[in-house]
Amino acid sequence: RQIRGSVSSPFSLLLRDNYLDNGNNKMAIQQADKLLKKHKDLHCAKVLKAIGLQRTGKQDEAYALAQEVAALEPTDDNSLQALTILYREMHRPELVTKLYEAAVKKVPNSEEYHSHLFMAYARVGEYKKMQQSISAQDENLSKTMFLPLAERMVEKMVKEDKIEAEAEVELYYMILERLEKYKEALDVVRGKLGEKLTSELQSRENKCMAMYKKLRRWPECNALARRLLLKNSDDWQFYITYFDSVFQLIDESWTPPAEEEHSLEGEVHCSIEQAVKFIEERITEESKSSRPLRGPYLAKLELIRRLRHRGCNNEYKLGDPEELMFQYFKKFGDKPCCFTDLKVFVDLLPPSQYTKFIRQLLDVIPLSAAAENEVALPGDIKALQQHLCVVQLSRLLGIYHAMEKKQKLAVVRELMLRYRHGLEFGKSCLKTELQFSDYYCLLAVHLLLDLWLEGEEAAVWQCLTLLEEGLSHSPSNAQFKLLLIRIYCRLGAFEPVSELYSSLDAKHIQHDTIGYLLTRYAGSLGHYTAASQSCNFALRFFHSNQKDTSEYIIQAYKYGAFEKIPEFIAFRNRLNSSLHFAQVRTERMLLDLLLEANISSSLEESIKSMSLSPEEDDIPWKDLRDNRDLTVLFSWDPKDRDISEEHRKLSLEEETLWLRIRSLTLRLVSGLPTLSHTIQPKNSEKTAENGVSSKIDTIRALLQQLEAAVDSGKKFLEQKIQYPVLGPPPTRMAGFFSNGSCQCQTSLFYLVSDIYELDTNGLEDSAEIQERIGNSFKSLVERLTDLFNKCKGDLIEVRDGTLKTHPNLLENLVFFVETISIALWVLSYCDSVLRPFKSNLQKKKKKKKESSVAMPPVFTHFLDYVTELQTLTSNVIDHIKGLEIILTALKLEELSLKDTLHLQEEKKFTKTVQGKVQSSYHHSVQEIGELLKKRLDTIKKLKI
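- Per an unreviewed UniProt entry, the protein chain is named N-alpha-acetyltransferase 25, NatB auxiliary subunit, and its organism is Malurus cyaneus samueli.
- Turning to the protein chain, the UniProt record has this under Subunit (unreviewed entry): "Component of the N-terminal acetyltransferase B (NatB) complex which is composed of NAA20 and NAA25."
- Under the Sequence similarities (unreviewed entry) heading, UniProt states for the protein chain: "Belongs to the MDM20/NAA25 family."

Structure representation (C-alpha cells):
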C-alpha cells in the first residue's frame, strides 16, 4: 500500500527520532534512502533526507530536494512540520508561508493550518497577510486584528458574560484605545470588568489616568492623583500629574459645581493655595512616617520651580529653595540618590550663592583631620557619601571649572587622597561590588580631562593612570572601563579597548546602544582583526534579533499577552532601522573587501559571496534611528558644558552623511566586476540587451550621488562643531577630506568611466580618451604621494618628558591602505580591458609579420602607472618598517610625569598605561604593514 505523505510508518519515525535528533545525519540520510527505495514518493522521507543534507553542509542539494516536495503542495502534517524545521534551519522563513498558503487552499477548513499560516506571517512580519489569513478562518485570532469587528465580538462576549480572563479585558481595552473610543475604554476599566485587572500594581488606576488624560478630563486626573498620593506620598509620577492638572484647571478657570461631586474621582484641587496646602500636609504626614520619604520634599521644590516658571516668585511662602535643599541634604545626604534628586533643582539657586551653598553643606558633614594642616576625612560611609554628594554638586555648579590650573591639580590630589582613604571602608567588598569612594577617582579624572583640553598634555596620561588604578580596586566598575575606552581611543590606542569592552559583558540591546564605542575606532586605527570581531559581535545580535522578536510575538499571541505585541513589533522595527546596524553592515563589507578582495579571492567572488549589487541600497535612510546611548558616561558638567539636544541632532546628521559616503563607495566598488564582461563593439545593438551599458549608467549615477554626499559633508564640516569631550565621538569624515583620500577615491571612480569608454570605442579612434586616462594616472600618483606625505611623522613622540601621540597619522595610513586598494581594484578592471586589446595587436603583428606594430600610448601610460604604484607602495612599506623600529626602541619607562606623580603605586600604573599605548601602536603598524605587503604582491602580478 502506498503511504503517500504519511509518516506513521515505523521506519520514518525511527529515522526522525533517533538519527536526526542524535546528530547522526549521515545515518539519517542512509535510512531515508532505504525508505525511498521502497516508497519512492514518500514526501516525509525526502524532507528528512534534506534535513540531513542541510546539516552536513550540502545546502544546495537539500534545497533542491525540499523544493521537489514543496512543489507537490503536501498537506500531511509531518511533511509540513519537517519542511518548516528545514526552512528555519536555512533561515528562509518566507518559504514556510508559501508552504502553508498552499496547504490552506487545499484544506480550507483546517483551523490548525490557518493558525500555522498566521504564525508564519508573524515570523516574516507580513501583518497585512496576517489579517487576511485570520479573516479567512480563525475567529479567535481575527478579533485581535480587525478592530471594529473585534470590538463587536468582544461586546457580544461581554453581554453573554463569557469574559473570564484578565487578558481578555486587556484586549478589549486595547481595541477601544486603538479605535480612540476613550470614553468606552474608561467605562470598561471603571466597570465590573475592570476588577479583573489585578496582575500589575495599580493597573486599573494607571489605565483610568491614561484615559482621563486622552479625554482632557483634568478634574478627574487631579482627583485621582490626589487620592493616590494620599495612599502613597512617595509616588513621583502622580505628583507630576497632580501639578499638571492643577495648572490646567487654573488656566481653564474651572470651578467645582456647587451641589454635586467635584468629579467622578472625588474632591478636586483647582487653585495654587490648595496645591501648596496639600504639599505642606504631605510633608507633615511624612514627618510621622517610620521610613523617610523623599517625594513630598522634592514635590515642594517642583512646585516652586513651576510657580517661578509662571512668574510667581515668593507670594505663596513656600520657603527659600536654598534652605529647602540644605534641609533635604541634611535628611538624605548620605544616600547616593541625593545628588541626582537635587541636580534637577540647582537652577533655582542664584549663581552668586553657589559657593556659600556648598560651604553650608560642608559645614554639616562630620569630617575630622589627624593634624592641623591635613585634609579632614570622613569617619564612616555615611559621612563619605555626604561629602561625595557635595563634591558632585561643586562640579555641577561649575565651581571646579572656574579654577586655575594650580588649584585644579590641588583638587585632583585631594580627591585621590580621599579616594584611597575611602578604600578602607570597602575592604570586605566582593570583586563584583563597587568601592564606596570610586566617584572621587572619576571626578579627579574629569578635572584632569579639563586640563588636557586646555593643552596640558601630561594630564591625559594621569587620567589613564588613575583609571587603571581605580579599576584594579574595583574591577567591575563600568564607568572606569567606559572612560578608559574613550581616552585610549582618543589617543589612537585600540589594543587595550577590546579587552575592556569584552569585560563590560555587554548584553543584548547594548550591542546597539554602546557598540559604537568599539566599532567607531577599531578599523580606523588599523586593528583589522579586532574590527572584524567587533562588527561580528554587533551583526550577530542584529541578525538574531530578527529571529528572536518573531518568536516573542508568537509567544505573546499564544499566551494572550496582546499588549506586548505592538511593543515587540516596534522594538524589531527600531533595531532594523538602527543607524549602528547600517554602519556596521557597511563597514564590515568594506573591511572584508579590504582584507580579501584580490588577495585570498577575486574581487568578483568576494562581492558575490556578500550578495552585493550596485543597484541595491538596503539602508532605510528615511527611518534611520539613532539608538546610541550618548549619556552612558557619567557627567557632572554644568548644562552649558554638557551634551545638548543640539549635539545629538548634529551628531546624527554627521553620522548619516558619513554613512552615505561609505555606502556609495561600497556600491561603486561592487559595480566594478559587473563591467568586466566582453563588450560588443560601439555600434552593436546588443549593448543594451546584455545589460552592461545600464551597469555603467548605474556607476555614473552613483558617482553623482557620491559627489553630492561629499559636498553635503564639506558644508557640514564648515560649521566646525566641537562635541563635549565625553559626548559623541566625531566621524572619520574630516580626516577623509583633509588628507586627500576623498579626492583620490572619487578620481578613481571617474577613471572607471573613461576605461569603459575606451573599451566600447576600441583603440583606433580613441586618442583623446587615451590621453585623458594617461593624465588621470599621473594625477592619481601625485595625489597618492601627497596622501603618503600626510602619513609621515612620529606616531609617538616625547616632548619635555611627556608623551604625545599622533592618532591622525595612524588614521591617514589606514585611509592610504584603503585608497590604494581601490586603486588596485580599478587597475585590475583596466587590466581586464587592455589584455584582450594587446593579444589582438600581437595577432595582427604575427599576421603581417612586421617587426614592430606601433603600440597605442595607453599601454605605456598603464605600465608607467603600475611601476609608480609599486614604487610608492614599497616606499610606504619601508616607512612602516621604520615606524616599527622606532616604536620598539622607544624607552618609555624612563619618562616620569613631572608635577603630578608622588606615589610609587602611581608610577606602576603609569608604566602599564604607556606600555599599552606603545604596544597598541606597534600592533596597528604591523597589521597595516602586513596588508600593504599583500597588496604589493597583487601589483606585481599586473604586468600586461
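### What about the overall build of the protein chain?
Thought 1: Tallying secondary structure elements over the protein chain gives 41 helices and 4 strands in all.
Thought 2: Principal-axis analysis of the C-alpha atoms places the extent of the protein chain at approximately 115 × 90 × 55 Å.
Thought 3: The 944 residues of the protein chain split such that 52% are buried.
Thought 4: In the protein chain, the proportion of contacts linking residues at least 24 apart, taken out of those at least 6 apart, comes to 72%.
Thought 5: Summed over all atoms, the accessible surface of the protein chain reaches about 44,500 Å², with 50% contributed by carbon and sulfur.

### Focus on the pairing of strand β3 (residues 796-799)
Thought 1: Where β3 meets strand β4 (residues 802-805), 4 bridges bridge the pair, whose relative direction is antiparallel. Following the sheet pairing, glutamate 797 is matched in β4 by lysine 804.

### A closer look at the side chain of glutamate 286
Thought 1: Within the secondary structure, glutamate 286 sits in helix α16 (residues 272-288).
Thought 2: Assessed through its relative accessible area of 2%, glutamate 286 is described here as buried.
Thought 3: Among all residues touching glutamate 286, those that are not within four sequence positions of it are Arg291, Pro292, Leu293, Pro296, Tyr297 and Lys331.

### Regarding the environment of phenylalanine 634
Thought 1: Counting through the fold element by element, phenylalanine 634 comes out in the loop between α32 (603-609) and α33 (645-675).
Thought 2: Looking at phenylalanine 634, the relative accessible area reads 34%, which means it is partly exposed.
Thought 3: Along the primary structure phenylalanine 634 and alanine 522 are separated by 112 residues, whereas in three dimensions their C-alpha atoms are 23 Å apart.
Thought 4: Those residues in contact with phenylalanine 634 that sit more than four places away from it in its chain are Tyr439, Leu442, His446, Gln479 and Leu726.

### What about the packing of aromatic side chains?
Each aromatic ring pair is summarised here by two numbers: the centre-to-centre distance and the angle between the ring planes.
Thought 1: Scanning all chains against the criterion turns up 19 aromatic pairs.
Thought 2: Geometrically, the ring pair formed by phenylalanine 542 and phenylalanine 581 is stacked, given 4.4 Å between the ring centres and 20° between the ring planes. Within this pair, whereas phenylalanine 542 is found in helix α29 (residues 528-559), its partner phenylalanine 581 is found in helix α31 (residues 579-596), the two being separated by 39 residues in sequence. Taken individually, phenylalanine 542 and phenylalanine 581 each receive the classification buried, so the pair is uniform in this respect.

### A look at the environment of threonine 731
Thought 1: By the element assignment, threonine 731 lies in the loop between α35 (692-717) and α36 (733-738).
Thought 2: Between the C-alpha atom of threonine 731 and that of aspartate 765, which follows or precedes it by 34 residues, the distance is 46 Å.
Thought 3: Residue contacts for threonine 731: discarding those within four places in its chain leaves Arg520, Glu654, Glu655 and Trp658.
Thought 4: Separated by 3.2 Å, the side chain of threonine 731 and the backbone nitrogen of methionine 733 make a polar contact.

### Things to note about helix α6 (residues 93-106)
Thought 1: For α6, built from 14 residues, the straight-helix expectation of 20 Å at 1.5 Å per residue is met to within 8% by its first-to-last C-alpha distance of 21 Å.
Thought 2: In this structure, the buried residues of α6 make contact with α4 (59-71), α5 (77-89) and α7 (111-124).

### A few points about the packing of α6 against α7
A packed helix pair is summarised by two numbers, namely the angle formed by the two axes and the spacing between the axes.
Thought 1: In the contact formed by α6 and α7, the axes pass within 9 Å of each other and the chain directions differ by 155°. Here α7 runs roughly antiparallel to α6, going by the angle between their axes. Remark: the crossing between α6 and α7 carries left-handed chirality. Counted together, Pro93, Glu94, Val96, Thr97, Tyr100, Glu101, Ala103 and Val104 of α6 and Tyr113, His114, His116, Leu117, Ala120, Tyr121 and Val124 of α7 form the full contact between these two elements.
Thought 2: Taken together, the residues of the contact of α6 with α7 break down into 10 nonpolar, 3 polar and 2 charged.

Here is what the cut-offs are and how they apply
Residues numbered from 1 in each chain as written. Predicted model: local features only at pLDDT ≥ 70, side-chain atom pairs only at ≥ 80, totals over all residues. Heavy atoms only, no water. UniProt positions renumbered as here; feature names shortened; annotations may be inferred. Helix = DSSP H or I, 4+ residues; strand = E, 2+ residues; numbered from the N terminus. Buried < 20%, exposed > 50% of the residue type's maximum accessible area, 1.4 Å probe, protein only. Contact = heavy atoms within 4.5 Å. Areas by Shrake-Rupley, 256 points an atom, 1.4 Å probe, with all protein chains shown as cover. Pairing = 2+ DSSP bridges. Phe/Tyr/Trp six-rings, centres within 6.5 Å; stacked < 30°, edge-to-face > 60°. Polar contact = N/O pair within 3.5 Å; in protein donor to acceptor, adjacent residues only side chain to side chain. Expected span 1.5 Å × (residues − 1). Axes fitted to C-alpha atoms, helices over the stretch in contact; angles between N-to-C directions. Parallel < 35°, antiparallel > 145°, perpendicular 65-115°, else oblique. Left-handed = near helix turned anticlockwise from the far one by under 90°. Nonpolar A, V, L, I, M, F, W, Y, C, P; charged D, E, K, R; others polar.

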